[in-house]
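Chains, contacts and geometry: an overview
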Protein chains: 2
Amino acid sequence: MALKVRTAKDLAKLIDYTLLKPEATKKEISKLCQEAKRYGFASVFVNPCYVKLASRLLKNSEVKVGTVVGFPLGANTFSTKAFEAREAIKLGASEIDMVINVGFLKSADLKLVQQDIEEVAKVVRQMGDKADKNIVFKVIIETCFLNQEEKVKAAQLAEKAGAEFVKTSTGFGTAGANLNDVKLLRKHLSDKVKIKASGGIRTFEQALDMLKAGADRIGTSSGVMIIKEAQKKLKAEAKRAEALEELNNG
Amino acid sequence: MALKVRTAKDLAKLIDYTLLKPEATKKEISKLCQEAKRYGFASVFVNPCYVKLASRLLKNSEVKVGTVVGFPLGANTFSTKAFEAREAIKLGASEIDMVINVGFLKSADLKLVQQDIEEVAKVVRQMGDKADKNIVFKVIIETCFLNQEEKVKAAQLAEKAGAEFVKTSTGFGTAGANLNDVKLLRKHLSDKVKIKASGGIRTFEQALDMLKAGADRIGTSSGVMIIKEAQKKLKAEAKRAEALEELNNG
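To keep things clear, this report deals only with the structure shown in the data block. Treat the numbers as computed from the prediction; the structure is a model and nothing was measured.

Okay, the nonpolar core next. Ranked by size, the top nonpolar core spans 174 residues in total, and within it V44, I96 and F137 of chain A together with V44, I96 and F137 of chain B carry the most contacts. Excluding its chain neighbours within four sequence positions, the residues that come into contact with I96 of chain A are T67, V69, A85, A88, I89, V120, V124, I135, V136, F137 and K138 of chain A.

This next bit is on the pairing of strand 7 (residues 194-198) of chain B. All names here are of chain B. In terms of burial, strand 7 is largely enclosed, as 4 of its 5 residues are buried. As judged from the 3 bridges shared by strand 6 (residues 165-167) and strand 7, these two strands associate in the parallel manner. Across the sheet, the residue bridging to F165 is K194, located in strand 7. What joins strand 6 to strand 7 is helix 8 (residues 179-188), and the crossover it makes is right-handed. Traced from strand 7 through helix 9 (residues 204-213) to strand 8 (residues 217-220), the parallel crossover comes out right-handed.

Glancing now at the sheet that holds strand 1 (residues 15-19) of chain B. The strands that make up a sheet pair up through hydrogen bonds in the backbone, lying either parallel or antiparallel. Residue and element names in this part refer to chain B. If you trace the 8 strands once around the closed barrel, you get 1-2-3-4-5-6-7-8, paired in parallel fashion. Within this sheet the neighbouring strands show an average axis-to-axis angle of 25°, counted without direction. Two elements, strand 7 and strand 8, share 3 bridges in a ladder whose sense is parallel. Paired with K196 across the bridge in strand 8 is R217. Against the sheet, helix 2 (residues 26-39) contacts strand 1 and strand 2 (43-46), and its axis sits at roughly 165° relative to strand 1.

Residues and elements named next belong to chain A. In the contact formed by helix 8 (residues 179-188) and helix 9 (residues 204-213), the axes pass within 8 Å of each other and the chain directions differ by 25°. Between helix 8 and helix 9, the angle falls in the class roughly parallel. Between helix 8 and helix 9 lies a crossing whose hand is right-handed. On helix 9, the residues that touch L179, V182, K183 and R186 of helix 8 are D209, M210 and A213.

Residue and element names in this part refer to chain A. Reading around the barrel, the 8 strands line up as 1-2-3-4-5-6-7-8 and close back on themselves, with parallel pairing between neighbours. Neighbour to neighbour, the strand axes of the sheet diverge by 25° on average, direction disregarded. Contacts from helix 2 (residues 26-39) reach strand 1 (15-19) and strand 2 (43-46) within the one sheet, and its direction differs from that of strand 1 by about 165°.

A word on the relation of the copies chain B and chain A. Rotating chain B by 180° about the axis while translating it 0.0 Å along that axis superimposes it on chain A, leaving an RMSD of 0.0 Å. The two molecules are tied by a two-fold rotation axis, judged by turn and shift. No C-alpha of chain B lies nearer the rotation axis than that of T80 of chain B, which sits 3.5 Å from it. Mapped onto chain A, 100% of the interface residues of chain B are again interface residues, and the two copies thus contact each other with one and the same surface.

Let us now look at a positive patch on the surface. Residues and elements named next belong to chain A. A contiguous patch of positive charge on the surface is contributed by R86, K90, K122, R125 and K130. At the level of secondary structure, the elements contributing two or more residues to the positive patch comprise helix 4 (78-90) and helix 6 (110-131). For the positive patch, the element with the highest residue contribution is helix 6, accounting for 3 residues. Relative to the elements of secondary structure, K90 occurs in helix 4.

Reading the values: rules and limits
In this convention, every chain numbers its residues from 1, walking through the sequence in written order. Chains carry letters and ligands carry numbers; both start at the beginning, A for chains and 1 for ligands, and go up in the order they are written. Reporting of local features is limited, given that this is a predicted model, to residues whose pLDDT is at least 70; pairs of side-chain atoms are given and counted only at 80 or more, and all residues count toward the totals for whole chains, interfaces and linings. To get the side-chain values, all heavy atoms of the structure are used, and hydrogens and water are removed first. What is meant by a nonpolar core is a set of buried Ala, Val, Leu, Ile, Met, Phe, Trp, Tyr and Cys residues, joined one to another through side-chain atoms within 4.5 Å. Three exposure classes are used, based on accessible area relative to the maximum for each residue type with a 1.4 Å probe and protein chains only: buried under 20%, partly exposed in between, and exposed over 50%. In this description, contact between two residues means that some pair of their heavy atoms is separated by no more than 4.5 Å. Put simply, DSSP marks the helices as runs of H or I at least four residues long and the strands as runs of E at least two long, and each gets a number from the N terminus on. A pair of strands is considered paired only if DSSP assigns at least 2 bridges between the two. Classification remark: right-handed applies to a crossover when, strands pointing away from the viewer, the course from the first strand over the helix to the second runs clockwise. Only the contacting stretch of a helix is used when fitting its axis, a line to C-alpha atoms as for every element, and angles between N-to-C directions run 0 to 180 degrees. Relative orientations are named as follows: roughly parallel for angles under 35 degrees, roughly antiparallel for angles over 145 degrees, roughly perpendicular for angles from 65 to 115 degrees, and oblique for any other angle. Left-handed describes a crossing whose near helix is turned anticlockwise from the far helix through less than a right angle; right-handed describes the clockwise counterpart. Each copy is superposed on the other by least squares, with the fit set by C-alpha atoms of residues at a pLDDT of at least 70 in both. Each patch is built from salt-bridge-free residues with over 30% relative accessible area, joining like charges within 9 Å and nonpolar side chains (Val, Leu, Ile, Met, Phe, Trp, Tyr) within 5 Å. For the accessible areas, the method is Shrake-Rupley and the probe is 1.4 Å, while residue cover comes only from the protein chains on display. Salt bridges are counted wherever a side-chain nitrogen of Lys or Arg sits within 4 Å of a carboxyl oxygen of Asp or Glu. His is not counted here, nor are the chain ends, while Lys and Arg score as positive and Asp and Glu score as negative. By convention, the charge on Lys lies at NZ, on Arg at CZ, on Asp at CG and on Glu at CD.

Take it as geometry only, folks, not as evidence of what the structure does.
Here it is, written out as structure tokens:
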């Protein structure tokens, strides 16, 4: 994992606080942004139609705005995905999580899977260079639809295209992140590529387990709940450690 | 309903035969197209990445190629949806089913909901005029997330934007089509606007009930199963009618 989690604040820095359900209102997006500032999450993740709003609300804060491309099916054309990424960055997104073309992967057409990722990667690089700013590029491989070999292949294609992260899941598939997948990805990716675990992560214990298994970032809509749990548990642990020290010194 | 269903063939003409799951392979799309020709479905519905393939396979057939825009969340920007629609038509789609921006509707920002639909409607009209061909435009209101008032409002905005169909569901939400929604839409739309029922329709009886409630088109991935059932049941009915006539005449 990227850094040691000693406090709830450390943990918040590893969380992409996410609200991607289609029925999310402007009010809910505003609340998401407020909470992200308050708890110090790494970013908020919102659908493209809310990038402009979130960017305005998070201006002058440390919280980044991330969005999704080709989400959640990944079955758009290359150029639609590229267009969507370009526009999102223009509107203020500085993290782009794209979904691979799962159907092409299941068709064993790796060339097309690669091209799909690279067209978006190119846009992300170009736009980043233009704005002299690092745009974080994550590739969602949607593990729930893939066998082991496909998971590894997809992750390697993402690395080859220069992805900063491989992300397990959209949260809209048949299953979310699991520890085995995180371990598998960690085993097959170089140290340059980080892992984002997402989909179904709702508790502090789950988040911690994912980080221990090799995840560097957690995508979750339960960010606040997780941090509140972390605050409680880490405080109790600190107290226990203190008590133990007193006892030993006393 | 649009026309009387006397034979299984009549029914097939009212079905959009659909394969939108993200893991669909090229092989499965080819099978879909073959079956659509064989059974005489109105169209196939595939994700944008497969429009080119389906258009090639269905060239010189009566089966149309339809695709989806902003699918299934509807939470893209206006211009991404417009871009996606334009590209799909260029690649051969002659039916476009777009998802409304559910979040803007839940935020009660009807102006934005309207603008979203109209930007795509405009592209569809322009591209149709250019090719001198009618592109069918359907608006998916994703009823499962809406209350009664929102359903009616969304349908009316779709009609105002010139939609040829209002469609109940994506099939990826929390629920699909139901009879009450079809009746509600029929009640509040003018005769110019048709209704496409979709999501969870898997049997002949369900399809028939939807048509009786006012649907004009059925979107389903179970098209072949439905038609096989229809063939069996309608044949049995015809036999019964024949036997009855013989009895009466005898």
